[in-house]
Amino acid sequence: MPNVAFYTLGCKVNFYDTEAIWQLFKNEGYEQVDFEQKAADVYVINTCTVTNTGDKKSRQIIRRAVRRNPEAIIAVTGCYAQTSPAEIMAIPGVDLVVGTQDRDKLMTYIADIQSDRKPMNAVRNIMKTREFEELDVPDFSDRTRAFLKIQEGCNNFCTFCIIPWSRGLSRSRKPESVLNQARQLVAAGYKEIVLTGIHTGGYGDDLENYRLANLLKDLDRIDGLERIRISSIEASQIDDEMIAVLNGSPKMCRHLHIPLQAGDDAILKRMRRKYTTAEFAEKIRRIHEAMPGVAITTDVIVGFPGETEEQFENGYRFMERMKFAEMHVFPYSKRTGTPAARMEDQVDEEVKHERVHKLIDLSERMQAAYGREWVGKALDVIPEREAKGREGQGLVSGYTDNYIQVVLNGDPSFIGKLCRVRITDSGVNECKGQLLEVIDSDRPVALQA
């Protein structure tokens, strides 16, 4: 039986794409082996290009695969493959480069290479692509949450970002196709679906009178689906209709990831973001009103070119006021080929480092404060696994709909089931909970309160 090994760098969408590519191999009778453990017949490296370091790491992994088995077919896909195919083709041992499209043709390309062993650059201009690439993932190794990719590409062209050049312009998966895939996932036993994409909130920009809000309403009607989560959405995409859905759907998770990137208007403008801090704050206020108790998490870039101490402090105070449930903090890193990399006044690395730490401290304080609000309250948790590092101790861990990680008493048979839990203690990264009852779709199993 032929075998294949995968290595994925970068974001959740890349991990989804790797799962989808694995399905293609599985259908052709391949077995999957661990990248580090055993020499494979085919290596697929799914690359990242968000930072220059992403490129470098991608090249290292490609070389590692060539060393593991010089006879193997080495196929490289993903964002770095899309933007720099020639650089990758120049690495000795690479057989195939496919970008962020045409992956449905992968097995044909590999069969061709197996017969004539001619290296092949199959990358086309992504900017001309207008169709969403249909690749299904019917099953995930993590069996409680299913990811469903509904959108690809981005039209925003923020000055720090290379992604539109590696993923192309925004294109949406057809609604019927999304709903069919969602029904299949529910039939396979998933209770929670995470809608994902490069610019998920831009879903429907290229469809006739059908937006993300319409899709959410249709997903809401699927029997057996307990939770719908959006992986990320821009403040500018949360309109009245979206707020009405958040307010009206019992299945929508009370957790939204809304990237802020900077808390100062001058910097937001230089980043070419589509909102001011005042507009952002107003959207957040309205979401809190529509979904009391909602956890709002965010992304922040620190040390964008020209960021002064005053602008940083300004942003810090703004973030504090927003009371985020958690912030993902990134130091700005130059991405060759983007306008921001050519800007004057690049911020000193030491200054960036210091600012990053201040914001991480703030994030941890806000995360702990958000967790404390729930102590003594009952929430629903879907356990995902035994508690990390405490296996065999009668503890499982999973997430509430508002994205608090909870460790609770219970055995592995609870994994994937909806459980009602009382939060007994809070911390920065996890809270503790006591199991009240297992509300599985068949019948509730009551426990002592």
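Residues numbered from 1 in each chain as written. Predicted model: local features only at pLDDT ≥ 70, side-chain atom pairs only at ≥ 80, totals over all residues. Heavy atoms only, no water.

Visitor: Sorry, what's going on with the overall build of the protein here?
Guide: In terms of helices and strands, the protein carries 13 helices and 20 strands. Projected onto its principal axes, the C-alpha coordinates of the protein cover approximately 65 × 55 × 45 Å. Expressed as a percentage of the 449 residues in the protein, the buried residues total 55%. If you take every contact in the protein between residues at least 6 apart in sequence, the share linking residues at least 24 apart comes to 71%. On the protein, roughly 19900 Å² of surface is accessible, and the fraction owed to carbon and sulfur atoms is 49%. Distance from the positive charge centre (61 side chains) to the negative charge centre (67 side chains) of the protein: 1 Å. (Helix = DSSP H or I, 4+ residues; strand = E, 2+ residues; numbered from the N terminus. Buried < 20%, exposed > 50% of the residue type's maximum accessible area, 1.4 Å probe, protein only. Contact = heavy atoms within 4.5 Å. Areas by Shrake-Rupley, 256 points an atom, 1.4 Å probe, with all protein chains shown as cover. Lys, Arg positive; Asp, Glu negative; His and termini not counted. Charge placed at Lys NZ, Arg CZ, Asp CG, Glu CD.)

Visitor: Would you mind going over the nonpolar core with me for this structure?
Guide: Note on soluble globular proteins: their nonpolar side chains tend to be buried together. Judged by nonpolar contacts, the single largest core of 92 residues is most densely connected at Phe 25, Leu 212, Ile 258, Phe 280 and Leu 359. At six residues, helix H1 (residues 12–27) tops the list of elements feeding residues into this core. Non-local contacts of Leu 212, meaning those with residues more than four positions away in its chain, are made with Ile 150, Leu 195, Thr 200, Gly 201, Tyr 203, Ile 230, Ile 233 and Met 242. Residues Ala 5, Tyr 7, Ala 65 and Ile 91 belong to the second largest nonpolar core, which totals 22 residues. (Core = buried A, V, L, I, M, F, W, Y, C linked by side-chain atoms within 4.5 Å.)

Visitor: Help me understand the sheet that holds strand E7 (residues 145–149), please; the structure alone is not making it clear to me.
Guide: Within a beta sheet, neighbouring strands are joined by backbone hydrogen bonds and run either parallel or antiparallel to one another. With respect to topology, three strands assemble into an open sheet ordered E7-E10-E11, the strand pairing being parallel. If you trace the sheet from one side to the other, it starts and ends with E7 and strand E11 (227–230), each paired once. Across this sheet, the average inter-strand angle for adjacent strands is 25 degrees, counted without regard to direction. Sheet topology note: the E7/strand E10 (residues 192–196) ladder contains five bridges and is parallel. Among the inter-strand pairings, Phe 147 is bridged to a residue of E10, identified as Val 194. (Pairing = 2+ DSSP bridges. Axes fitted to C-alpha atoms, helices over the stretch in contact; angles between N-to-C directions.)

Visitor: Can you walk me through empty space enclosed by the protein in this structure?
Guide: Over the atoms rolls a probe the size of a water molecule, and in doing so it shows where empty space is left. With the rule as written, the count across this model stands at four cavities of 30 Å³ or more. Considered as a void within the structure, the largest cavity measures approximately 60 Å³ in volume. In terms of lining, the largest cavity is formed by 13 residues, of which the most central are Ala 262, Gly 263, Glu 307, Gly 315 and Met 319. Among the elements of the structure, strand E13 (295–302) and helix H12 (309–322) are those that each provide at least two residues to the lining of the largest cavity. With four residues, H12 is the largest single contributor of residues to the lining of the largest cavity. Looking at side-chain class alone, the lining of the largest cavity contains eight nonpolar, three polar and two charged residues. (1 Å grid on protein atoms, 1.4 Å probe; cavity = no way out; pocket = protein on both sides within 12 Å on 5 of 7 lines; lining within 4 Å. Points joined across faces, edges and corners; volume = space filled by probe spheres on them. Nonpolar A, V, L, I, M, F, W, Y, C, P; charged D, E, K, R; others polar.)

Visitor: Help me understand the packing of H12 against helix H13 (residues 349–372) in this model?
Guide: Axis angle and axis distance: for two packed helices, these are the angle between their axes and the distance between the axes, and together they describe the pair. At a minimum axis distance of 11 Å, the contact between H12 and H13 shows a crossing angle of 10 degrees. Taken together, the axis directions place H12 and H13 in an arrangement best described as roughly parallel. Residue-level inspection shows Glu 309, Phe 312, Glu 313, Tyr 316, Met 319 and Glu 320 of H12 in contact with H13, the latter providing Arg 355, Lys 358, Leu 359, Leu 362, Arg 365 and Met 366. Here the residues of the contact of H12 with H13 sort into six nonpolar, no polar and six charged. (Parallel < 35°, antiparallel > 145°, perpendicular 65-115°, else oblique.)

Visitor: What should I look at first to understand the side chain of Glu 133 in this one?
Guide: By secondary structure assignment, the location of Glu 133 is in the loop between strand E6 (120–121) and E7. Polar contacts involving the side chain of Glu 133 include one to the main-chain amide nitrogen of Asp 102, which spans 2.9 Å. At 2.7 Å, the side chain of Glu 133 and the backbone nitrogen of Arg 103 are in polar contact. Not counting residues within four places of it along the chain, the set of residues in contact with Glu 133 comprises Thr 100, Gln 101, Asp 102, Arg 103 and Asp 104. (Polar contact = N/O pair within 3.5 Å; in protein donor to acceptor, adjacent residues only side chain to side chain.)

Visitor: I tried to follow the packing of aromatic side chains on my own but got confused; where do I start?
Guide: Aromatic rings considered in pairs are described by the distance between their centres and by the relative angle of their planes. According to the stated counting rule, one finds 15 aromatic pairs in the structure shown. Considering the side-chain rings of Tyr 7 and Phe 35, the 5.0 Å spacing of their centres and the 70 degrees angle between planes classify their relative orientation as edge-to-face. Highlighted residues: Tyr 7 in strand E1 (residues 3–8) and Phe 35 in the loop between strand E2 (31–32) and strand E3 (42–47), separated in sequence by 28 residues. In this structure Phe 35 comes out as buried when scored by relative accessible area, which is 4%. (Phe/Tyr/Trp six-rings, centres within 6.5 Å; stacked < 30°, edge-to-face > 60°.)

Visitor: Is there a simple way to explain the pattern of salt bridges in this structure?
Guide: Close approach of charged atoms lets side chains of opposite charge pair. The final tally for this structure, using the stated rule, is 31 salt bridges. Residue Lys 174 is joined to Glu 131 by a salt bridge in which the shortest nitrogen-to-oxygen separation is 3.7 Å. Taken as a pair, Lys 174 in the loop between strand E9 (171–172) and helix H7 (175–187) and Glu 131 in the loop between E6 and E7 lie far apart in primary sequence, 43 residues in all. Accessibility classification places Lys 174 together with Glu 131 in one group, the exposed group. Of the charged contacts, one joins Glu 349 and Lys 352 as a salt bridge, the two residues approaching to 3.0 Å between their closest N and O atoms. Here Glu 349 pairs with Lys 352, and both are found in helix H13, just three residues apart, close to one helical turn. Put simply, Asp 17, Arg 103, Glu 133, Lys 149, Glu 152 and Arg 167 are held in one network by salt bridges that share partners. (Salt bridge = Lys/Arg side-chain N within 4 Å of Asp/Glu carboxyl O.)

Visitor: Help me understand the sheet that holds E13 in this model?
Guide: In spatial order, the strands read E12-E13-E14; together these three strands make up an open sheet with parallel pairing. The open sheet terminates on both sides in strands that have one partner only, identified here as strand E12 (255–257) and strand E14 (326–331). Pairwise comparison of adjacent strand axes, ignoring direction, gives a mean angle of 15 degrees for this sheet. In this sheet, E14 lies alongside E13 in parallel orientation, the contact comprising six bridges. The residue bridging Thr 297 from the neighbouring strand is Glu 326, located in E14. Contacting E13 and E14, H13 crosses the sheet at an angle of about 170 degrees to E14.

Visitor: How should I be thinking about the packing of helix H8 (residues 212–220) against helix H9 (residues 240–248) in this particular structure?
Guide: Here H8 crosses H9 at 20 degrees, and the two axes come no closer than 9 Å. With respect to each other, H8 and H9 are oriented roughly parallel. Crossing of H8 over H9 shows left-handed handedness. Between H8 and H9, the contacting residues are Leu 212, Ala 213, Asn 214, Leu 216 and Lys 217 on the first element and Glu 241, Met 242 and Val 245 on the second. Of the residues contributing to the contact of H8 with H9, the split by class is five nonpolar, one polar and two charged. (Left-handed = near helix turned anticlockwise from the far one by under 90°.)

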